[in-house]
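# Remarks on the overall topology
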Amino acid sequence: MPKINLPVTRYYGSKRKLVDLIWSELENINVEFNSVLDVFGGSGIFSYYSKLRGKSVIYNDIFLFNQIIGEALIQNNSNELSEEDVHNLLIREPNRIYQNYIAENFHDIYFTDEENYQIDTVIQNIGFLPIERRASAYYLLFQSCLIKRPYNLFHRKNLNLRTNFNGGGFGNKVTWERPFKELFLKFNSELNKYVFDNGQNNISLNHSALQCNLQADLVYIDPPYFRSVNHVPYHSKYHFLEGLANYNLIPENIDHTKLHREINLNKSNEFENKNTFLNDLEELIEMHQNSIIAISYRSNGVPTIAEIESLLNQYKNNVRAINLKKYSYALNSKGSENYEFLILGF
Ligand SMILES: C[S@@+](CC[C@H](N)C(=O)[O-])C[C@H]1O[C@@H](n2cnc3c(N)ncnc32)[C@H](O)[C@@H]1O
């Protein structure tokens, strides 16, 4: 078994720092499982950990860009992208016709003009790679775009935070300014290090949670999380990457009324609406009532941990809500406490 060594990803709500603890709680209940369904896969860290532990893994996420990340890290058994491929990604082939959707529509929004042109180039060159290398190439592009963004997000037009940065406050100017080529090489060597074969047939899917009908011994549910105010849906946070994953659909899906030019692809209210969240969760639990269910949530969220527990109690004989205290977040501005919980039903 490979040593526990996890890829560093920059993703909102990633459980990278908690996954060890979550796994030891799963072992504590002493119920055997061989297969795992990670319904809200995100960065893929829970799936990756499960793969390391020899399980048969199904990664799923509503966004295509995440499915591709899951394909590169979980489904693939090796990284087939060579260093030469990486160099060629950034070069325009003279006899190919290129579109410039990013350069034309996202001037001064997320990246510099030169970087926008490079993104247009890379995306279209990926389409000419042999199919088994494409997910890795997209992985390099998505991770590099994330690392170059202030806060690693796309819900604000704030390139100026990066270009006007004068050294105070936050951020990492050096990282933001690292050229794509350098970042691609870094992420490609990370893929070489992290992608492996665990002897199972692991897959990466792109469904909404309630449309994902596959079953597994253990279902891990890590949905979007609501505080009582100011919810920013995952779609707003990452629409730009979802656009890149669907490049040809970008022009007709840009919302020009929004300053940050949100790309309206694969936007959904499922698990992203406070009023219907509990109903969505009940439907999902019902779908997987024959599996071990593990839910991640936080103590200051809506719904409450008690509400989620009582929902799970309707379907499962054993329900435990475990406070993963050690990794609690700092007190918020109102001074209330906020803990990560793992709610288990088996
Ligand atoms: C809290 S994050 C998961 C984080 C992940 N466990 C990790 O460690 O990186 C929630 C994920 O759910 C996805 N998502 C949001 N709504 C969804 C839906 N209705 N069905 C499936 N995935 C959804 C988002 O794209 C996001 O990646």
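What counts and what doesn't
- Residues numbered from 1 in each chain as written.
- Predicted model: local features only at pLDDT ≥ 70, side-chain atom pairs only at ≥ 80, totals over all residues.
- Heavy atoms only, no water.
- UniProt positions renumbered as here; feature names shortened; annotations may be inferred.
- Core = buried A, V, L, I, M, F, W, Y, C linked by side-chain atoms within 4.5 Å.
- Buried < 20%, exposed > 50% of the residue type's maximum accessible area, 1.4 Å probe, protein only.
- Helix = DSSP H or I, 4+ residues; strand = E, 2+ residues; numbered from the N terminus.
- Domains from an automatic or database assignment.
- Contact = heavy atoms within 4.5 Å.
- Pairing = 2+ DSSP bridges.
- Axes fitted to C-alpha atoms, helices over the stretch in contact; angles between N-to-C directions.
- Right-handed = clockwise from strand over helix to strand, strands pointing away.
- Phe/Tyr/Trp six-rings, centres within 6.5 Å; stacked < 30°, edge-to-face > 60°.
- Near = heavy atom within 4 Å.
- Polar contact = N/O pair within 3.5 Å; in protein donor to acceptor, adjacent residues only side chain to side chain.
- Areas by Shrake-Rupley, 256 points an atom, 1.4 Å probe, with all protein chains shown as cover.
- Nonpolar A, V, L, I, M, F, W, Y, C, P; charged D, E, K, R; others polar.

As annotated in an unreviewed UniProt entry, the chain is site-specific DNA-methyltransferase (adenine-specific) from Flavobacterium dankookense. Recorded under Sequence similarities (unreviewed entry), the UniProt text for the chain is reproduced unchanged: "Belongs to the N(4)/N(6)-methyltransferase family." UniProt's Catalytic activity (unreviewed entry) comment on the chain is quoted here verbatim: "a 2'-deoxyadenosine in DNA + S-adenosyl-L-methionine = an N(6)-methyl-2'-deoxyadenosine in DNA + S-adenosyl-L-homocysteine + H(+)".

## Focus on the nonpolar core
Of all hydrophobic cores here, the largest spans 80 residues; its most connected members are Ile 119, Phe 240, Leu 241 and Leu 244. Sorting elements by how many residues they give to this core places helix α7 (residues 131-147) first, with 10 residues. Formed jointly, this core draws a minimum of three residues from each of two domains, domain 1 (1-77 + 202-230 + 272-346) and domain 2 (82-195 + 232-269). When near neighbours in sequence (up to four residues on either side) are disregarded, Ile 119 contacts Ile 102, Phe 111, Leu 141, Cys 145, Phe 180, Phe 240 and Leu 244.

## Topic: the sheet that holds strand β1 (residues 35-38)
If you walk across this open sheet you meet the 7 strands as β3-β2-β1-β4-β5-β7-β6, and the pairing is mixed. Of all the strands in the sheet, the pair left with one neighbour each is β3 (203-205) and β6 (319-323). Going from strand to strand, the sheet's axes swing by 15° on average, the running direction of each strand aside. In this structure, strand β4 (residues 218-221) lies alongside strand β5 (residues 292-298), joined through 4 bridges in parallel fashion. Bridging across to β5, Leu 218 finds its partner in Ile 292. Across the sheet, helix α3 (residues 64-75) is in contact with β2 (56-60) and β3; its angle to β3 comes to roughly 175°.

## Structural notes on the pairing of β2
In terms of residue burial, β2 counts as a mostly covered element, since 4 of its 5 residues are buried. Looking at chain direction, β1 and β2 are connected through 4 bridges and run parallel. Residue pairing in the sheet places Val 36 in a bridge with Val 57 of β2. Note on the crossover from β1 through helix α2 (residues 45-52) to β2: the handedness is right-handed. Sheet topology note: the β2/β3 ladder contains 3 bridges and is parallel. By the bridge assignment, Asn 60 is partnered in β3 with Leu 205.

## Here's the deal with the packing of aromatic side chains
For the structure shown, the criterion picks out 30 aromatic pairs. Ring geometry for Phe 65 against Phe 142: centres 5.9 Å apart, planes inclined by 80°, an arrangement best described as edge-to-face. Residue Phe 65 is found in helix α3, and its partner Phe 142 is found in helix α7; the two are separated by 77 residues along the sequence. Phe 142 carries the same exposure label as Phe 65, and that label is buried.

## Observations regarding the site of the ligand
Inspection of the region around the ligand gives 23 residues, with Tyr 11, Lys 15, Ser 43, Asp 61 and Asp 222 positioned closest. Within the contact set of the ligand, an oxygen atom lies 3.5 Å away from a side-chain nitrogen or oxygen of Asn 66. In the model, a nitrogen atom of the ligand is placed 2.6 Å from a nitrogen or oxygen of the Asp 222 side chain. Compared with its free state, where it exposes 600 Å², the ligand has 98% of that area covered by protein. Considering only residue class, the shell around the ligand consists of 11 nonpolar, 8 polar and 4 charged.

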